[in-house]
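Spelled out from the first residue to the last, the chains are:
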Amino acid sequence: MEKKNVFERNPVKTLLFVLFIMLIPITIFLFENLLEVRKGLTFVNQPRYIRLIEHNPLITGYAIPTDKQLSEADGLEKKRFRSRTDEDGFIIPSRIHRHPDFTIVFLGGSTTVCHFVEEQNRFPHLAGRILEKKTGDKINSYNAAVSGSHSMQAIDVLLNKIIPLKPGVVVFMFAINDLNILLLEGSYWNDNPGYSMIIPGIYGEAAFIGWKKYILNNPAAFLKKYITETFVPVNTLGYVKDVLKIGNKIEDVWARRRGQIIQFDKEKILEEFAMSLETFIGICKARKIIPVIMTQENRLKENPDPLVKRLTATLYDDYKIDYKTYQEIYEAMNNVIRRVAKENNVILVDLDKNIPRDKNHIYDLIHMNDQGSIMAANLISEKLLETVKAR
């Protein structure tokens, strides 16, 4: 008969010992925070957070247009577009040279991300390659853009992530995302769940009203948030949902605004946007970085084509904003970019005037296809050539 080991001879004691070991960190955590509550304090280890808008590092995958995106586009193909990020969350290709002669960084929204453009044709990357060929210098060109982000969020990225790269130039392109946030929320500083500058989280929420009151008044909500934010493996859960095709409904961050008649002050929107551009320029100059701002390509013409008319119809259905009003204020945003560039004597790349407003270059309202992106890369490299040579 095989001799049993100590664990097999004492199964109950073994189980109790394992449970005891598992309970130690939980007990310490609960006791630690009980002391915090008894002292009338809030947690100090996890307060609110600044929302740093970046891609998760080390992504390797593909972006594939959905059926809905295909229905809202001219000439977009249902195929795989490679989507990768490096260890710092920059879109690959990024750090090509270990010791570059010159570094350029691009900040923007989805129009700069170029999801549905082949990797080698995305203008932030391609502009760097063109400049490298023309100058003979080793040039790194980083794409730090994130879909949906606005200029004030990008300024946080500039301060916390871009400046340490010591770039020679930072290229900045925002318009429609800023217009939407200022139009629908009235300010860059808001409590929109997708666009707030600060994320409260479970600890931040409790800090406003005190932990004891928060837990007693909202025990179920507290437990759900605590478990979700502390123990749930969100990446694994997301992967399983993707594989099983469940729970993929995208949160509608504008849900609370839909159906309302939006009241807005056009001049205030333009002033806020101008101040954001001025802030970007000021930070760059203070850090000895050359700021470059770009107008945004688009198909929002005075007399829109059928696709543009169809895609913008929801503006009136959702917010009672007619196309003419939206088109005029969007055009004014691009004019603000031109004015601020002139007043601050900074380089302007005018994509709005130079990228044709047709389906051969822009597949929906504002997003360029490969042909448009290649044209943008050539325009940018032409504007930056003398600057790169001089530096």
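What counts and what doesn't
- Residues numbered from 1 in each chain as written.
- Predicted model: local features only at pLDDT ≥ 70, side-chain atom pairs only at ≥ 80, totals over all residues.
- Heavy atoms only, no water.
- pLDDT = per-residue confidence, 0-100.
- Contact = heavy atoms within 4.5 Å.
- Axes fitted to C-alpha atoms, helices over the stretch in contact; angles between N-to-C directions.
- Helix = DSSP H or I, 4+ residues; strand = E, 2+ residues; numbered from the N terminus.
- Left-handed = near helix turned anticlockwise from the far one by under 90°.
- Nonpolar A, V, L, I, M, F, W, Y, C, P; charged D, E, K, R; others polar.
- Salt bridge = Lys/Arg side-chain N within 4 Å of Asp/Glu carboxyl O.
- Buried < 20%, exposed > 50% of the residue type's maximum accessible area, 1.4 Å probe, protein only.
- Pairing = 2+ DSSP bridges.

Trainee: Could you clarify how one ought to interpret the confidence of the model for the protein in this entry?
Mentor: Interpretation of this model should avoid reading the predicted coordinates in detail wherever pLDDT is low. Per-residue pLDDT for the protein averages 86, and the proportion of residues at 70 or more is 80%. Note on residues 41–45: pLDDT under 50 across the span, and eight contacts to partners over four residues away in sequence or across chains. For the stretch residues 203–211, pLDDT sits under 50, and the model shows 24 contacts to residues farther than four places along the chain or on other chains.

Trainee: Teacher, can you tell me more about the packing of helix α12 (residues 266–286) against helix α14 (residues 323–343) here?
Mentor: If you want to describe how two helices pack, look at the angle between their axes and the distance between the axes. Between α12 and α14, the least distance of the axes is 10 Å, while the angle of their chain directions is 35°. Judged by the sense of rotation from one axis to the other, the crossing of α12 with α14 is right-handed. Residue-level contacts link K266, I269, L270, F273, A274, L277, E278 and I281 of α12 to I329, A332, M333, V336, I337, R339, V340 and E343 of α14. Residue composition of the contact of α12 with α14, by class: twelve nonpolar, no polar and four charged.

Trainee: I'm lost on the pattern of salt bridges in this one. Help?
Mentor: Should their charged atoms come close, side chains of opposite charge can pair. Overall, the coordinates contain 15 salt bridges when judged by the stated rule. A salt bridge links D74 to R299; its shortest N-O distance comes to 2.8 Å. In this pair, D74 is assigned in the loop between α3 (67–71) and β3 (81–84) and R299 in the loop between β8 (290–295) and α13 (306–319), connecting sequence segments 225 residues apart. One salt bridge connects E343 with R339, and the closest N-O pair in it is separated by 3.3 Å. Placement of the pair is E343 and R339 together in helix α14, with a separation of four residues, close to one helical turn. A single salt-bridge network, built from bridges that share partners, covers R338, D350, D352 and R357.

Trainee: For this particular structure, what's the right way to read the pairing of strand β4 (residues 102–108)?
Mentor: The side chains of a regular strand alternate between the sheet's two faces. Taken across its seven residues, β4 has seven buried, putting it largely inside the fold. The alternating pattern of β4 places F102, I104, F106 and G108 on one face and T103, V105 and L107 on the opposite face, and all of these are buried. Looking at chain direction, β4 and strand β5 (residues 139–143) are connected through five bridges and run parallel. The residue of β5 that forms the bridge with F102 is I139. Bridge count between β4 and strand β6 (residues 169–173): five bridges; the pairing is parallel.

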